[in-house]
Amino acid sequence: HGLGGIITNRRVDAYNSFGAFLNYAYHLPISRKINFSLGTRMGYTNQRIDFTNLVVRDDVNDLFYQSLLMAGQGSQNTMLVDFGAVIYSKRFFLGFSSDNLVAEKMNGDQLFNLNTGLRYKAQVGAIIPFNPLWELSPGIQLVHKEGYEMMWAANARLRYKNLVYLGTSYASDSKASVLLGLSTYKLSINYSYDIYLGGLNDFNVNTHEIVLGLSL
């Protein structure tokens, strides 16, 4: 049995989001080297827009801004349930999962409907040891969402002594990342620097992300 949790918080100018998720997985060996796992995720998300942080040139005549004001407080609470399955060994993994399979909106308006669309993900990766000190881990992820083109992301990680790793990733014409991490048996610290490469140059930003993990 595997049990875990994730808490996220994101703020971009006037937009704020918070999420809390509980994950459970049941692992079943199907041979001496290969295992199968079924998992589920239950969670809660809150998305909100603080209208006081929005600055417009002409708030009286800006129809989009006025429609936001008429929409209410700009807050939405959603309960989520998702499922996934993975077949894996010490040398590879292949997984499938859903995102927003069950999304029950508790309250709110229509501002955040784009973020609650159903997505399906497939991910495959391998672990290639060069010697007792170094190993390479390439991987690729595919994401399908109805009404959008198939998205993909490829990554590679080089790890030393199962302790320190350096990697990179590229997501279909939209983002490139540099990855750095330190992991022990109980603690992991991961950092990524993301460079967005989309066509809307005025909206492209570079971001820093830090993820802390604790194994109990």
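Structure first, text after, so check above.
Cut-offs applied
- Residues numbered from 1 in each chain as written.
- Predicted model: local features only at pLDDT ≥ 70, side-chain atom pairs only at ≥ 80, totals over all residues.
- Heavy atoms only, no water.
- Helix = DSSP H or I, 4+ residues; strand = E, 2+ residues; numbered from the N terminus.
- Contact = heavy atoms within 4.5 Å.
- Areas by Shrake-Rupley, 256 points an atom, 1.4 Å probe, with all protein chains shown as cover.
- Phe/Tyr/Trp six-rings, centres within 6.5 Å; stacked < 30°, edge-to-face > 60°.
- Buried < 20%, exposed > 50% of the residue type's maximum accessible area, 1.4 Å probe, protein only.
- Lys NZ or Arg CZ within 6 Å of the ring centre and 35° of its normal.
- Salt bridge = Lys/Arg side-chain N within 4 Å of Asp/Glu carboxyl O.

Peer 1: Which residues make up the overall build of the chain, and what are the values?
Peer 2: Regarding its fold elements, the chain presents 1 helix and 14 strands. A separation threshold of at least 6 residues defines the contact pool for the chain, and within that pool the share at least 24 residues apart is 40%. Accessible surface, the chain: about 15,100 Å² in total, of which carbon and sulfur atoms supply 63%.

Peer 1: Give me the lowdown on the packing of aromatic side chains, citing residues and values where you can.
Peer 2: The full count for this structure, using the stated rule, is 2 aromatic pairs. Aromatic side chains Trp134 and Tyr160 sit 4.9 Å apart centroid to centroid with 50° between the ring planes, which places their arrangement in the tilted category. Separated by 26 residues along the polypeptide, Trp134 in strand S9 (residues 134-145) and Tyr160 in strand S10 (residues 151-160) bring together distant segments of the chain. A relative accessible area of 35% places Trp134 in the partly exposed class. Cation over ring: Arg157 sits above Tyr165, and NZ or CZ is 5.4 Å from the ring centre.

Peer 1: I'd like a description of the side chain of Ser188, backed by residues and values.
Peer 2: Of note, Ser188 is situated in strand S13 (residues 187-196). For Ser188, a relative accessible area of 18% corresponds to the buried category. Those residues in contact with Ser188 that sit more than four places away from it in its chain are Leu182, Ser183, Val211, Leu212 and Gly213.

Peer 1: I'd like a description of the pattern of salt bridges, backed by residues and values.
Peer 2: Under the definition given, this model contains 5 salt bridges. Across the salt bridge formed by Arg41 and Asp82, the nearest N and O atoms sit 2.7 Å from each other. Of the two residues, Arg41 is situated in strand S3 (residues 35-49) and Asp82 in strand S4 (residues 75-88); the sequence distance between them amounts to 41 residues. By relative accessible area, Arg41 is classed as partly exposed at 21%. Of the charged contacts, one joins Asp99 and Arg119 as a salt bridge, the two residues approaching to 2.9 Å between their closest N and O atoms. Taken together, the residues span a long stretch of sequence, with Asp99 in strand S5 (residues 92-99) and Arg119 in strand S7 (residues 119-126) at a distance of 20 residues.

Peer 1: So what's going on with the environment of His1? Which residues, and what values?
Peer 2: Along the chain, the position of His1 falls in the segment before strand S1 (2-12). Given a relative accessible area of 72%, His1 falls into the exposed group. With 27 residues separating them along the chain, His1 and Leu28 place their C-alpha atoms 9.0 Å apart. Here His1 is in contact with Tyr24, Ala25 and Tyr26, once residues within four sequence places are set aside.

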